[in-house]
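# Residue-level structural notes
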Amino acid sequence: MLGHAAQALGHTCRFLDPAENPPAALVGETIRADYDDSAALCELAAASDVVTYEFENVPVDALQTLAPRTVLYPPPDALRLAQDRLSEKQLFEKLGIPVPPYQIVDSREDLVATIATLGFPAVLKTRRYGYDGKGQFVIRDGGDLDSAWTLLGGRPLIAEAWVPFEREVSIIGARARDGSTRTWPLTENRHTDGILRVSLAPVDDAALERVAVRYMHLLLDQLDYVGVLTLELFVSGNGLLANEFAPRVHNSGHWTIEGAATSQFENHVRAVCGAPLGSTRCRDFVGMVNLIGLIPAAIRALPDPRTTLHDYGKTARAGRKLGHVTVVAPTAAERDRLVADLDHIVNQTEDLQGLLP
Ligand code: AMP
């Protein structure tokens, strides 16, 4: 999707990806190599005016190889801080952005002591390489401690208090090379088993959005950021609590392709290439439904002009995000009805095929 946006702006793209036939191959030449292949990184840098990344598990060392050889955004430090849940939380705390109560867990004894402080339920998480709910275990009572430790022990971990959130939201912002910033309207996100299923925008709560936008500006400026950054938040009785940030375009912003004056992808390309940012105004009421594990035939055949299907061209696998559908409607009620219909089709097909992990 970044590639499509770059093409539309007149750029030519080249991609580095270890996968055999990555979705990006539809948009430009691909160099098939591991992210830590320094010859491939040097080839990419030599052939590019600007390099960017949109995958959180790219090693920071790869960015250190690229940085002296080309123009590279977002700054490697943003990726370094986002890759470890501890440094991420410490950054939030330094900026005065509230986070759920948490503790470092390095041993089974730490886990027992931590749970005694945090109480039940709590979430044990690997500090690195977690995504879509992977690398996490919800500890509901003392009986779960052994299973949690068996599954995740031996790696650097943190435990968080379970947040009884009212809803989850994300704020997506873009910062240009000259420091100017834009944010898209606040988005509500609904997850199942840690995987994003549905996003809805805009969230009708100006006070909440003001706080989220303030947090976004603090992060963007602190990181001297260039590109698109996403902040995921819990809306709780204690106000907004930061869950995590991603130094990249985000699944909860996929709706911006049809639903905003300028998409997150276009503004990311604009930012890293030194162009001015476009308007992030929302068009009507927007919803996005993820297609996970398969793309149902009934969704492929969608005749409704208010809906748009994006098929990423990935090989189907249980739990894998293969595409999404966007809905743009003139009223929130109409948007909600369309999203519910789509969600129903997706859930029904998943149930039939046992496709959820
Ligand atoms: P994460 O990978 O940390 O974004 O977690 C994935 C999802 O798990 C979140 O979007 C929440 O739905 C849920 N989750 C993670 N941590 C917590 C928590 N401390 N309290 C409640 N829900 C959580």
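Provided above is the structure to which this section pertains.
So, here's what we can say about the structure. None of the values given here were measured: they were computed from a predicted structure.

Quick look at the overall build of the chain now. Along the chain, the regular secondary structure elements total 12 helices and 17 strands. The C-alpha atoms of the chain give a radius of gyration of 20 Å, which matches the 21 Å a tight globule of 357 residues would have. Here the C-alpha coordinates of the chain stretch approximately 55 × 50 × 40 Å along the principal axes. Counting all 357 residues of the chain, 52% fall into the buried class. Partitioning the intrachain contacts of the chain with sequence separation of at least 6 by distance along the chain shows that 60% fall at a separation of at least 24. Within the structure as shown, the chain displays about 16,000 Å² of accessible surface, and the carbon and sulfur contribution to it stands at 49%.

If you walk across this open sheet you meet the four strands as β5-β8-β6-β7, and the pairing is antiparallel. Either end of the sheet is taken by a strand with one partner, and the two such strands are β5 (102-105) and β7 (136-139). Between one strand and the next, the sheet's axes are offset by a mean angle of 20 degrees, whatever the strand orientation. With five bridges joining them, strand β6 (residues 122-126) and strand β8 (residues 157-161) adopt antiparallel strand pairing. Of the residues in β8, the one forming a bridge with Leu124 is Ala159.

What follows is about the site of the ligand. Surveying the vicinity of the ligand reveals 15 residues, the closest of which are Lys125, Gln136, Glu160, Val163 and Glu168. Taking Lys125, its side chain carries an N or O atom lying 2.8 Å from an oxygen atom of the ligand. In this structure, His191 approaches the ligand through a side-chain N or O atom, which is 3.4 Å from an oxygen atom. For the ligand, the protein covers 94% of the area, taking 470 Å² as the surface of the free molecule.

Conventions and cut-offs
- Residues numbered from 1 in each chain as written.
- Predicted model: local features only at pLDDT ≥ 70, side-chain atom pairs only at ≥ 80, totals over all residues.
- Heavy atoms only, no water.
- Helix = DSSP H or I, 4+ residues; strand = E, 2+ residues; numbered from the N terminus.
- Rg over C-alpha atoms; globule rule 2.2 N^0.38 Å.
- Buried < 20%, exposed > 50% of the residue type's maximum accessible area, 1.4 Å probe, protein only.
- Contact = heavy atoms within 4.5 Å.
- Areas by Shrake-Rupley, 256 points an atom, 1.4 Å probe, with all protein chains shown as cover.
- Pairing = 2+ DSSP bridges.
- Axes fitted to C-alpha atoms, helices over the stretch in contact; angles between N-to-C directions.
- Near = heavy atom within 4 Å.
- Polar contact = N/O pair within 3.5 Å; in protein donor to acceptor, adjacent residues only side chain to side chain.

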